[in-house]
Amino acid sequence: MRRFASRAAVGAALLVASAAQAHITLTPATAEAGHSFAGAFRVGHGCAGSATKGIRVVLPPAVTSARPQAKPGWTIKVEHAVGPEGKDRVAAIVWSGGLVPDDEYDDFGVMLGLPAKAGPVFIPVVQTCEAGESRWDEIPSPGTSLHSLKRPAAVVEVIAPPPLAVIGGIEVREGWVRAAPNSAPAAAAYLVLHNGSKQADRLVSVSTPAAARAELHNMRMDGGVMRMRALEHGLDLPAGGDAALAPGGNHVMLFGPAAPLEPGGKVELTLVFEHAGRVTVTLPVRSADDSGGGGGEHHHGGMR
Amino acid sequence: MNRRQLIAGIALFGAALAPVRALAAAAIGGPFRLVDQFGHPVSERDLLGRPSAIFFGYTLCPEVCPTTLVSFGRWLKKLGPAANRLNVVFVSIDPGRDTPRQMRDYLTSFDQRIRGFTGSPAEVDRMAKAYRVYYRKVPLPGGSYAMDHSAAVYLMDAAGRFVEPIGYGETDDMPMASLRRLMGR
């Protein structure tokens, strides 16, 4: 929690610092991972005194979806491209036809799907003015500050949500259950474990009232053959390390769901660790379409 | 089950899909006598006259099978009206648990053009062998079992000849190119 708060503060400081200059910024400057972001590109000034006629924001593939907010007096054009998994994605949004005088500011609203992983997402913006243009497209290399750049891109900081539970230094994060098809005899649950303690530990077993039985499994693609095995000795958690139960790999197999596992539902899962003891978390049931289906590697695949 | 054929099947898929393409088209596919999800008898003859996309799996499969079935919903939509000329068939390699009734209930969650075939273990085995599909029962500690199985989709032309596979987990553009080629034949 403390980490959450301090990172938000850093983000807020960044917003204030950027807004004080002539940059185009995203407001708010932070977003919680896993939630869609509703905010705006803020144009604070024109180009060296000249009024702004339009902006073009160039969305990186990390932005999973984008919808501009209607803006009276402006024409909005959405440019598409082929994204990961062959799905259509929004590559750029262009606002034109309006005017923002140099001594006024304006906001250009958007709703964005951001990556589930914490970290900054940089979005280059080209500002077109009555005289000339400004390209806000510089992205700091790792370790350098945004403030050292003359023409920084707009940025939103994705902040990891607080862990679902913490027990004996082990954090349980990013848990979800894949919505199961009708009458499916089993479903998979996923989560990420971080062992913040100095002692190696092991996830020994799982149980849930939502299914007749839960087992720890691994699946892998082996030259075109799908193989699934029980993790009979549990899942190792090295000291200071992570262990992921994620699509394409380890998962909790829920045999005989007690009720249909539909998007919007919740599943209680009790995890038993060798040293840290037991903890119960509540996981949301999510449709696989959240992530676009397609295959092994990505985060949540799913069902409608 | 013939051990040698099984091993040949593993080797085939183990070496990726390229060798499959290299095989004579006649080497994949063949006769079968199964039942669809409504309990009606089906054979290879029911698929002739239209191209087909056939894949093998089971309803207890937690990830690969539902993902493939969801992908098919998306692909059929992208194909547009041409999709109505394509047979899409999900064949269970776990007929002991996947009764026609189970297949019917399960498939209600997906595109309604997808058909589900199951049948006697011997007939399922015959079809799997004809399609060079590897599958094997793997016991699980809680008393249940999982099935290892080939995850590729087999594209067959209207005469029942193997054309090419779609590998699991490919991005949509490759399967779409393959399906459009298949429909244009």
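Keep in mind it's a predicted model, so treat the numbers as computed, not measured. (Residues numbered from 1 in each chain as written. Chains lettered and ligands numbered in written order. Predicted model: local features only at pLDDT ≥ 70, side-chain atom pairs only at ≥ 80, totals over all residues.)

1. As for the confidence of the model for chain B
If pLDDT is low for a region, its predicted coordinates should not be looked at in detail.
Residue and element names in this part refer to chain B.
For step 1, the next point in the chain: Here chain B averages 87 in pLDDT, and 86% of its residues register 70 or above.
For step 2, the next point in the chain: Counting interchain partners and residues more than four positions distant, the pLDDT-below-50 stretch residues 1–20 has 24 contacts.
For step 3, the next point in the chain: In the predicted complex, the global pTM is 0.70; the interface-specific ipTM is 0.80. (pLDDT = per-residue confidence, 0-100. Contact = placed C-beta atoms within 7 Å.)

2. Concerning the sheet that holds strand β2 (residues 30–32) of chain A
All names here are of chain A.
For step 1, the next point in the chain: With respect to topology, 3 strands assemble into an open sheet ordered β2-β12-β9, the strand pairing being mixed. Among the strands making up the open sheet, the edge pair consists of β2 and β9 (119–123). Geometrically, the sheet is characterised by an average inter-axis angle of 30° between neighbouring strands, direction not taken into account.
For step 2, the next point in the chain: Note: β2 against strand β12 (residues 154–159), 3 bridges, orientation parallel. Counterpart to E32 in the pairing with β12 is I159. (Pairing = 2+ DSSP bridges. Helix = DSSP H or I, 4+ residues; strand = E, 2+ residues; numbered from the N terminus. Axes fitted to C-alpha atoms, helices over the stretch in contact; angles between N-to-C directions.)

3. Some details on helix α4 (residues 100–107) of chain B
Residues separated by three or four positions in an α-helix point in the same direction, a consequence of the helix having 3.6 residues per turn.
All names here are of chain B.
For step 1, the next point in the chain: Of all the residues in α4, the buried ones are P100, Q102, M103, Y106 and L107. Buried residues of α4 fall within an arc of 160° about the axis and therefore sit on the same side.
For step 2, the next point in the chain: Contacts made by the buried residues of α4 are with β1 (33–36), β4 (87–92) and β5 (114–118). (Buried ≥ 20, exposed ≤ 12 C-beta atoms within 10 Å, placed from the backbone. Arc of directions from axis to C-beta.)

4. Considerations on the nonpolar core
For step 1, the next point in the chain: Counting residues in each nonpolar core, the largest one holds 88 residues, and the members touching the most others are A:A189, A:V252, A:L254, B:I93 and B:Y154.
For step 2, the next point in the chain: Of all hydrophobic cores here, the second largest spans 29 residues; its members include A:L26, A:V43, A:V110 and A:L114. (Core = buried A, V, L, I, M, F, W, Y, C linked by C-beta atoms within 7 Å.)

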